[in-house]
Amino acid sequence: MTQTLDRSKLESLLKSEEQLFHKTHPKSYELYQRARKSLHGGVPMLWMIRWAGSFPVFVKEAKGARFTDVDGNSYLDLCLGDTGAMTGHAPEATLKAITEQIQKGITLMLPYEDVVEVGEELQRRFKLPYWQFTLTATDANRHVLRMARMITERPKVLVFNYCYHGTVDETFITLDEEGTPMSRANNMGPQVNPQETTKVIEFNDIAALETALSARDVAAVLAEPVMTNIGIIHPNPGYLDALRQITRKYGTYLIIDETHTICAGPGGYAAAHALEPDFLTLGKPLAGGVPAAIYGFTEEVAQAFQNRLVLEDSDVGGIGGTLAGNALSIAAMKATLKYVLTDEFYAKAFALQEQFTEGMEGVIKEFDLPWIVKRLGNRSEYWFRPTPPKNGGEAAAAIDHELDRYMHLFALNRGILMTPFHNMALISPETTQADVDYHTKVFREAVVSLFQ
Ligand SMILES: Cc1ncc(COP(=O)(O)O)c(C=O)c1O
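Model, not experiment: these values are computed from the prediction. (Residues numbered from 1 in each chain as written. Predicted model: local features only at pLDDT ≥ 70, side-chain atom pairs only at ≥ 80, totals over all residues. Heavy atoms only, no water.)

## Thoughts on the sheet that holds strand β2 (residues 66-69)
So, point 1. Read across the open sheet, the 4 strands follow the order β1-β2-β3-β15; overall the sheet is mixed. The sheet is open, and its two edges are formed by β1 (59-63) and β15 (416-417), each paired on a single side.
So, point 2. Sheet topology places β2 next to strand β3 (residues 74-77); 3 bridges connect them, and they run antiparallel. Its bridge partner being in β3, R66 is matched across the sheet by L76. (Pairing = 2+ DSSP bridges. Helix = DSSP H or I, 4+ residues; strand = E, 2+ residues; numbered from the N terminus.)

## Observations concerning the layout of surface pockets
So, point 1. Taken as a whole, the second largest pocket holds about 1,300 Å³ of empty space.
So, point 2. Taken together, 46 residues make up the lining of the second largest pocket; nearest its centre are Q132, F133, Y295, I319 and G320. (1 Å grid on protein atoms, 1.4 Å probe; cavity = no way out; pocket = protein on both sides within 12 Å on 5 of 7 lines; lining within 4 Å. Points joined across faces, edges and corners; volume = space filled by probe spheres on them.)

## Description of helix α1 (residues 7-24)
So, point 1. Here α1 contains 18 residues, and its C-alpha end-to-end distance of 26 Å stays within 8% of the 26 Å for a straight helix at 1.5 Å per residue.
So, point 2. What α1 keeps buried is the set L10, L13, L14, E17 and F21. Down the axis of α1, the smallest arc covering the buried residues is 105°, so these residues share one side. Across α1 from its buried face, at more than 90 degrees, point the exposed residues S8, Q19 and K23.
So, point 3. The secondary structure elements touched by the buried residues of α1 are α14 (401-412) and α15 (433-451). (Expected span 1.5 Å × (residues − 1). Buried < 20%, exposed > 50% of the residue type's maximum accessible area, 1.4 Å probe, protein only. Arc of directions from axis to C-beta. Contact = heavy atoms within 4.5 Å.)

## Some remarks on the pattern of salt bridges
So, point 1. If you walk through the whole model with that rule in mind, you get 24 salt bridges.
So, point 2. Of the charged contacts in the structure, one is a salt bridge between R7 and D400, with a shortest N-O distance of 2.3 Å. Placement of the pair is R7 in helix α1 and D400 in the loop between α13 (392-397) and α14, with a sequence separation of 393 residues.
So, point 3. A relative accessible area of 40% places R7 in the partly exposed class. (Salt bridge = Lys/Arg side-chain N within 4 Å of Asp/Glu carboxyl O.)

## Quick look at the domain arrangement of the protein
So, point 1. On domain assignment, one finds that the protein holds domain 1 (7-87 + 343-451) and domain 2 (92-340).
So, point 2. The C-alpha centroid of domain 2 is placed 27 Å from the C-alpha centroid of domain 1.
So, point 3. Listed as interface residues are 28 residues of domain 1 and, on the opposing side, 31 residues of domain 2.
So, point 4. Taking both partners together, domain 1 and domain 2 bury about 2,300 Å²; carbon and sulfur atoms supply 64% of that area.
So, point 5. Where domain 1 meets domain 2, there are 2 salt bridges.
So, point 6. Residue K284 pairs with D82 through a salt bridge whose shortest N-O separation is 3.7 Å. (Domains from an automatic or database assignment. Buried area = accessible area lost by both parts, 1.4 Å probe.)

## Describing the pairing of strand β14 (residues 379-383)
So, point 1. Buried residues dominate β14, accounting for 5 of its 5 residues.
So, point 2. Across 5 bridges, strand β13 (residues 372-376) lies against β14 in antiparallel orientation. Of the residues in β14, the one forming a bridge with I372 is W383.
So, point 3. Linking two consecutive strands that pair antiparallel, namely β13 and β14, is a turn of 2 residues; a positive phi of about 60° is found at G377 within it.
So, point 4. Pairing of β14 with strand β16 (residues 424-426) involves 3 bridges; the strand directions are antiparallel. Counted as the bridge partner of E381 is M424 from β16.

## Concerning the side chain of D77
So, point 1. Of note, D77 is situated in strand β3.
So, point 2. For D77, which is buried and forms no salt bridge, the nearest opposite charge comes from R66, at a distance of 9.9 Å.
So, point 3. Polar side-chain contacts of D77 include one of 2.9 Å to the backbone nitrogen of C79.
So, point 4. Polar side-chain contacts of D77 include one of 2.8 Å to the backbone nitrogen of L80.
So, point 5. The contact partners of D77, leaving out residues within four places of it in the chain, are A65, R66, F67, H89, L417 and L426. (Lys, Arg positive; Asp, Glu negative; His and termini not counted. Polar contact = N/O pair within 3.5 Å; in protein donor to acceptor, adjacent residues only side chain to side chain.)

## What about the packing of α14 against α15?
So, point 1. At a minimum axis distance of 10 Å, the contact between α14 and α15 shows a crossing angle of 130°. Here α14 lies oblique to α15, going by the angle between them. Here α14 runs over α15; the crossing is right-handed. Contacts between α14 and α15 involve L403, Y406, M407, F410 and A411 from the former and V442, F443, E445, A446, S449 and L450 from the latter.
So, point 2. Here the residues of the contact of α14 with α15 sort into 9 nonpolar, 1 polar and 1 charged. (Axes fitted to C-alpha atoms, helices over the stretch in contact; angles between N-to-C directions. Parallel < 35°, antiparallel > 145°, perpendicular 65-115°, else oblique. Left-handed = near helix turned anticlockwise from the far one by under 90°. Nonpolar A, V, L, I, M, F, W, Y, C, P; charged D, E, K, R; others polar.)

## Concerning the sheet that holds β13
So, point 1. The antiparallel open sheet is built from 3 strands, whose spatial order is β13-β14-β16. Two strands bound the open sheet, and with one partner strand each, they are β13 and β16. Across this sheet, the average inter-strand angle for adjacent strands is 20°, counted without regard to direction.
So, point 2. On the sheet, helix α12 (residues 343-366) packs against β13, β14 and β16 and is oriented at approximately 170° with respect to β13.

Put into C-alpha cells, the structure is as follows:
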C-alpha cells in the first residue's frame, strides 16, 4: 500500500531536527547574531536565509566535495554552490592558474593572450563561432536578450512557466491557475510589468509555442533545454526539434541557457543533443567558482549585430561590465576548461550519479513511496509525486516546503548539504562511492523516521 505522510509527525520531527541543529552549530549561531548587525538579514545576499536551519551554517573551508563549518562539523557537499562549484571546490588546475595570474595583473580593460585560446575552446565545445564574456550568467542572458531585440526590432521575449535565468527582469512572469500571465509572486520592484515585455507558456506545449510566436513580435525564446530550477523537467521526445523549427519559422531567435545543463556533458545539453541555438549562455562552474560567464552566437547574429553597432556608443549601449573578461576570470576559465571539465570528469561523475540515483530509487521502492527521482547528467532530484511533471505548473504544484525542509535539515544534521530551494544533488568526480552510500543510508533513515 502506498505510504501517506502524517503531518503532525512531520511537524514534531522537524522541531527535533531544529533543536539538534541549534545544539551542534553554536559558533554559526553566534556569527549569525553578529552578522545581523552589519549585514542585512545577517547574510551577504538575502536568499542565503533560505536554508533549512533557522540560521545559515558559516563555512570555514572547502575542498573537493567536502567542507567544514566554524563549529568543526564536516559535510559532504551535494549543493556545490548550486553548480558554481560543480568542479569540486578549489580544483587544483584552476587554483594553480589563478595563483599565477594574480601576480601578473587582474584587470586592465585590455585582452591578455589567454583569451584567444579560451575563445577557440568555446568554439570547439559549443559549436558557435563568436563569444563574449561577462561575470554572471544573469548578465549573459540580459545581453543576449538586448542583442536579439536590437536585431529583430521586436519588443517581446518568451520564457517558460517557472523558469529561472538569473535576475533578468523579463523572466519574472508565471501563469496563474487560469493560465493568465502574471508578474511572479514577490517579483521585487520590477521596472516594467513583465506582462508588457514577455510571453510565458508551459514547457512541452508545442501548440502554445506556435500560437505565441505566430504574431511575429517575439525577438527570442530564452530556454533551458531541460528545465532545472523548478526541479528537473525533461523535454518530451521531439519537443526541442519543434522548438527549433517553430522559432525558425517565425524568425525568433533561440537562446539556450546552459548554466545548469552544463551538467549534461562537456558541451552542455545542446552539444550532446545536436541542438542548433542562435545564442548560448553559460556561467557558474565555467571558471571553477571564480566569477565568469559567457555568451556565444552564430555568424548570422554576429553580422546583423555588427551592422547595427555604432562604435562610439558601444560602451554605453546597455551591454557591458568593466570587470567582464578580466584576466583572473579568463585564466581560471582556461584552466578549468582544459584540465577540469573534461570528458573524464563527466564520465566519472555520471557513473557516480547513476548509483546515487539508484540508491534513492531503491529506498522509494522499499517503502512504496509516491515519489520519484529524475536525473540529468551528474544532477539528480527527488520529487514528492509519483510521475514526472511535464511542465513548470505541474512541478510547482508538487512542492511541499515543510517536507523539503525536513529532508534537508535531516541530511544537514548528518553532514550532508543538499541544494536549497529544491531537492537537488550534484555529484562531482571528487565525490566518492562511500559518499554515495552514506547519502543512501541517510536518505533511508529520513524515510524511516517519517513512515515507520
Ligand atoms: C539556468 C540559469 N541561468 C542563469 C542563472 C543565473 O546565474 P547567476 O546567478 O550566476 O547570474 C541561473 C542561476 O541559478 C540559472 O539557474
